[in-house]
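Tertiary structure, described
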Amino acid sequence: MPPAGTHPADAHHSRVALRVNGSDHVLDVDHRVTLLDALRERLDLTGSKKGCDHGQCGACTVLVDGRRVNSCLLLAVTQDGAEVTTVEGLADDDGSLHPLQEAFLEHDAFQCGYCTPGQLCSALGVLREAAAGHPSHVTEPAAAASTGPVVLTAEEVRERLSGNLCRCGAYNGIVDAVADVCARPAPPKSATASTAPRPDVIV
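Keep in mind that what you see is a predicted model, and the values were worked out from it rather than measured.

Reading guide: rules and limits
Residue positions are given per chain, counting from 1 as you read along its sequence in written order. It should be noted that, the model being predicted, local features are given only for residues of pLDDT at least 70 and side-chain atom pairs only at 80 or more, the latter also being counted only at that level, while totals for whole chains, interfaces and linings use all residues. Only heavy atoms go into the side-chain values, all of them from the structure, while hydrogens and water stay out. Secondary structure is summarised from DSSP: a helix means a run of H or I of at least four residues, a strand means a run of E of at least two, and numbering begins at the N terminus for each. Only protein chains enter the area calculation, which uses a 1.4 Å probe; residues under 20% of their type maximum are buried, those over 50% are exposed, and those in between are partly exposed. A contact between two residues is defined here by any heavy atoms of the two lying within 4.5 Å. Throughout, the Shrake-Rupley method with a 1.4 Å probe supplies accessible areas, and for residues the shown protein chains are the sole cover considered. When a carboxyl oxygen of Asp or Glu is within 4 Å of a side-chain nitrogen of Lys or Arg, the pair counts as a salt bridge. For helices, the fitted line uses only the C-alpha atoms of the stretch in contact; every axis is such a line through C-alpha atoms, and the angle between N-to-C directions lies from 0 to 180 degrees. Throughout, the term roughly parallel applies to angles under 35 degrees, roughly antiparallel to angles over 145, roughly perpendicular to angles from 65 to 115, and oblique to all others. In this scheme the handedness of a crossing depends on how the near helix is turned from the far one: anticlockwise by less than a right angle means left-handed, clockwise means right-handed. Following the grouping adopted for this structure description, the nonpolar residues are Ala, Val, Leu, Ile, Met, Phe, Trp, Tyr, Cys and Pro, the charged ones are Asp, Glu, Lys and Arg, and the polar ones are all others, Gly among them. Grouping into patches uses exposed residues only, defined as over 30% relative accessible area, and leaves out salt-bridged ones; the cut-off is 9 Å for like charges and 5 Å for nonpolar side chains (Val, Leu, Ile, Met, Phe, Trp, Tyr). What pLDDT expresses is the predictor's confidence in each residue, scored from 0 to 100. The criterion is simple. A nonpolar core is a set of buried Ala, Val, Leu, Ile, Met, Phe, Trp, Tyr and Cys residues joined through side-chain atoms within 4.5 Å. For a helix, the expected span equals 1.5 Å multiplied by the residue count minus one.

Thoughts on the overall build of the chain
Across its full length, the chain holds six helices and six strands. In the chain, the order of α-helices and β-strands from amino to carboxyl end is β-β-α-β-β-β-α-α-α-α-α-β. Across the 203 residues of the chain, 38% fall into the buried class. Excluding contacts between residues fewer than 6 apart, the proportion of contacts in the chain whose partners are at least 24 apart in sequence is 59%. Accessible surface, the chain as shown: approximately 11,500 Å² in total, 53% of it carbon and sulfur.

Have a look at this one:
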């Protein structure tokens, strides 16, 4: 039984602190709410799409603490204290597009655009994974044993992005866009440190 004076529904809700695209939020969420639904319905970040809702299409891909995840499979309450990046957070504060966003435009790496937010977030995760030396199923054994970055060949990109489906069939453009960004010099890191804003509490 819940404590006296407590509504029974309170036993099924918790407050969760999330840092999303550089802004702090505290949400009062039902324990059954997924991270995807919290982002879309509570924070109005509708870039991340709900496709299959079973973690099989990749349309809901976001970055959690720098690693790509299917947000439709994560309960929001399990992500307390996490840092989340959605497609809305890829561009710079001045509106300049992320190199991946520019490359997707240049290489026609989308058609209807429904899967594009997930493709972009997943591609950014791929770049970070390869830079950290994480091998994939198609990585050559010698390269997998190395401690250095993994070279992202077209085959590597296709394998690593195989969990992100595009019903329009823009795969060639997507691979070309990621390869283009791989070939570009790394941009200099911003000298301005981000400040943590005062959390807004959403109940």
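Focus: the pattern of salt bridges
Taken as a whole and assessed by the stated rule, the structure comprises eight salt bridges. The closest approach of N and O atoms between E102 and R184, which form a salt bridge, is 3.4 Å. Residue E102 is found in helix α2 (residues 99–106), and its partner R184 is found in the loop between α6 (171–183) and β6 (200–202); the two are separated by 82 residues along the sequence. Given a relative accessible area of 26%, R184 falls into the partly exposed group.

Remarks on the packing of α2 against helix α3 (residues 116–131)
Between α2 and α3, the shortest axis-to-axis distance is 10 Å and the interhelical angle comes to 125 degrees. What the angle tells us is that α2 and α3 run oblique. Remark: the crossing between α2 and α3 carries right-handed chirality. Along the contact surface, α2 presents L100, Q101 and F104, while α3 presents T116, Q119, L120, A123, L124 and L127. Residue composition of the contact of α2 with α3, grouped by class: six nonpolar, three polar and no charged.

With respect to a nonpolar patch on the surface
On the surface, L97, L105 and F110 cluster together into a nonpolar patch covering about 250 Å² of accessible area. By the element assignment, F110 lies in the loop between α2 and α3. In this structure F110 comes out as partly exposed when scored by relative accessible area, which is 32%.

Overview of the confidence of the model for the chain
Looking at the chain as a whole, the pLDDT averages 89, with 87% of positions reaching at least 70. Considering only residues more than four positions removed or in separate chains, one finds that residues 189–198, a stretch of pLDDT under 50, has nine contacts.

Here we look at the nonpolar core
General note: in soluble globular proteins, nonpolar side chains tend to be found buried as a group. Formed by 23 residues in total, the largest nonpolar core has its most connected members in L100 and V178. At the level of secondary structure, the elements contributing two or more residues to this core comprise α2, α3 and α6. The dominant element in this core, judged by the number of residues it contributes, is α3, at seven residues. Setting aside anything within four residues of it in sequence, one finds L100 in contact with L120, A123, L124, L127, V178 and V181. Counting 15 residues, the second largest nonpolar core, distinct from the first, contains V20, L35, L39 and V64.

Considerations on unusual backbone geometry
With a phi angle near 50 degrees, D65 is a residue other than glycine that sits in the positive phi range. Position of D65 relative to the elements: it lies in the loop between β3 (61–64) and β4 (67–70).

Things to note about α6
For α6, built from 13 residues, the straight-helix expectation of 18 Å at 1.5 Å per residue is met to within 8% by its first-to-last C-alpha distance of 18 Å. Burial in α6 covers these residues: G173, I174, V175, A177, V178 and V181.

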